[in-house]
Amino acid sequence: MTTPTFPFLRLLAPLLGALALAGAAHADIRPLPPAQCAEMTARKVITPGNPVPCARLSTVSFDYSDFDGMTRQGSVVVLDALAPEVESLFGELLLRSFPLAGAQPLEAFEGDDQKSMAANNSSAFNGRPMTGGGGWSKHAYGAAIDINPLHNPYVTHAGSAQQEVLPAAGTANLTRTPVQPGMAEDVVGVFYDHGFLIWGGNWKEPIDYQHFEIGTRGFITRLASLPKAQARAEFARYVARYRQCAHPASASAASADDDAPEDTSLRDQCATRLRK
């Protein structure tokens, strides 16, 4: 009997995780009720001018492993079109025992990204401009996720006298090899497999190790302009095209080694070519 390959198993991970953790792990998707939208407005997490209205956001709740191996509950707020993939994404992180320090919506930090980063909080939606200015952040669309900012800092002018690291304590984690628990390098492929095809760790200036986003502002705006069901279907097709590229069917027949390393070259090529 032919043994499935590692890439094939990675594609099945969300389904296998749902079966293995049924009745144990907590995960769900809920639209934001008016009371939560009001609280987000009061706490300056969202403003009337935000590019995506509160009605198009969803809360994804999930279990995660902390750095002591304990199972905790967290949540992120994302564009409703992305919510099913985000739920599966965090389910796969749990299966891999990838540790998170915490995961709370930005209301817990009064919408202050600096406070959230200092707390090593993983988050998604925040109705704020891009760090450094220049327009709305992809977080203001609910189309970007930051993970473990202390382990994955934001760096400008890296290696120069003007270097700035956010959060400041993340300076201790500028050395990225060997990869330590909680570092984003360990799960780039997981984010790509769920449609987050841009990783800030690949940027030259700034370098944003904590940051993943789905694609261009134009693509995100299109998803937000479509009815939720149609937007979800379009994003699902986007994810499927990437998976077909990064995990070709021929690879399943080429090897019987479940522990074969991920083809990061193919992964990155597919992400670059297929992201919108």
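Quick caveat, the model's predicted, so the values are computed rather than measured. (Residues numbered from 1 in each chain as written. Predicted model: local features only at pLDDT ≥ 70, side-chain atom pairs only at ≥ 80, totals over all residues. Heavy atoms only, no water.)

**Student:** Please explain the sheet that holds strand E7 (residues 198-199) as it appears in this structure.
**Tutor:** Two modes of strand pairing occur in sheets, parallel and antiparallel, and in both the strands are linked by backbone hydrogen bonds. The three strands lie next to each other as E4-E9-E7, forming an open sheet whose pairing is antiparallel. Of all the strands in the sheet, just strand E4 (144-146) and E7 have a single pairing partner and so form its edges. Sheet topology note: the E7/strand E9 (residues 211-213) ladder contains two bridges and is antiparallel. Bridged to isoleucine 198 within E9 is glutamate 213. (Pairing = 2+ DSSP bridges. Helix = DSSP H or I, 4+ residues; strand = E, 2+ residues; numbered from the N terminus.)

**Student:** Could you clarify how one ought to interpret the nonpolar core in this entry?
**Tutor:** Generally speaking, nonpolar side chains in soluble globular proteins are found buried as a group. Grouped together as the largest cluster of nonpolar side chains are 63 residues, with contacts concentrated most on Leu82, Val86, Phe90, Ile147, Phe196 and Ile214. Within the residue set of this core, elements represented by two or more residues are helix H2 (34-42), strand E2 (57-65), strand E3 (71-79), helix H3 (83-95), helix H5 (188-193), helix H6 (217-225), helix H7 (228-246) and helix H9 (264-274). Among the elements that line this core, the one with the most residues is H7, at seven residues. Once residues lying within four places of it in the same chain are set aside, the contact partners of valine 86 are Val60, Val76, Val78, Ile145 and Phe196. (Core = buried A, V, L, I, M, F, W, Y, C linked by side-chain atoms within 4.5 Å. Buried < 20%, exposed > 50% of the residue type's maximum accessible area, 1.4 Å probe, protein only. Contact = heavy atoms within 4.5 Å.)

**Student:** When you look at the state of the cysteines in this model, what are you seeing that I'm missing?
**Tutor:** Linking two cysteines covalently through their sulfur atoms gives a disulfide. According to the stated counting rule, one finds two disulfides in the structure shown. Sulfur-sulfur distance for the disulfide between cysteine 37 and cysteine 54 comes to 2.1 Å. Between cysteine 37 and cysteine 54, the disulfide has an S-S torsion of -95° and is therefore left-handed. On the criterion of sequence distance, the pair formed by cysteine 37 in helix H2 and cysteine 54 in the loop between H2 and E2 is long-range, its members being 17 residues apart. According to the relative accessible area criterion, cysteine 37 is buried, its value standing at 15%. Disulfide pairing places cysteine 245 opposite cysteine 270 at an S-S distance of 1.9 Å. Taking the sign of the torsion about the S-S bond as the criterion, the disulfide between cysteine 245 and cysteine 270, at about -80°, is left-handed. Highlighted residues: cysteine 245 in helix H7 and cysteine 270 in helix H9, separated in sequence by 25 residues. Residues cysteine 245 and cysteine 270 agree in their burial class; the two are buried. Described in terms of the sequence order of its bonded cysteines, the disulfide pattern of the protein is 1-2, 3-4. (Disulfide = S-S within 2.5 Å.)

**Student:** Help me out: how do you make sense of the pairing of E3 in this one?
**Tutor:** The side chains of a regular strand alternate between the sheet's two faces. Pairing between E2 and E3: nine bridges, direction antiparallel. Within E3, the residue paired with serine 61 across the bridge is serine 75. Linking E2 back to E3 in an antiparallel pair, the connection comprises five residues, with glycine 69 at a positive phi of about 80°.

**Student:** How should H9 be read in this particular structure?
**Tutor:** Given 3.6 residues to a turn, an α-helix orients residues that are three or four positions apart in the same direction. By the burial criterion, the buried members of H9 are Arg267, Cys270, Ala271 and Leu274. Along the long axis of H9, the arc covered by the buried residues comes to 100°, so they all point the same way. Residues of H9 that are buried in the fold lie against H5 and H7. (Arc of directions from axis to C-beta.)

**Student:** Even after reading the chapter, I still don't get the environment of valine 239, so can you show me in this structure?
**Tutor:** Topologically, valine 239 is positioned in helix H7. On a C-alpha basis, the gap between valine 239 and phenylalanine 196 in space is 8.6 Å, while along the polypeptide they are 43 residues apart. If we skip the residues at most four places from it in the chain, valine 239 touches Glu85, Asp193, His194 and Gly195.

**Student:** Please clarify how the packing of aromatic side chains should be interpreted in this entry.
**Tutor:** For the structure shown, the criterion picks out nine aromatic pairs. Between phenylalanine 191 and phenylalanine 196, the aromatic rings sit 6.2 Å apart at their centres with planes inclined by 90°, giving edge-to-face as the arrangement. For phenylalanine 191, a relative accessible area of 0% gives the class buried. According to the relative accessible area criterion, phenylalanine 196 is buried, its value standing at 0%. Where tryptophan 199 meets phenylalanine 212, the ring centres are 6.2 Å apart and the plane angle is 15°; that geometry is what we call stacked. (Phe/Tyr/Trp six-rings, centres within 6.5 Å; stacked < 30°, edge-to-face > 60°.)

In short, shape yes, function no, at least from these values alone.
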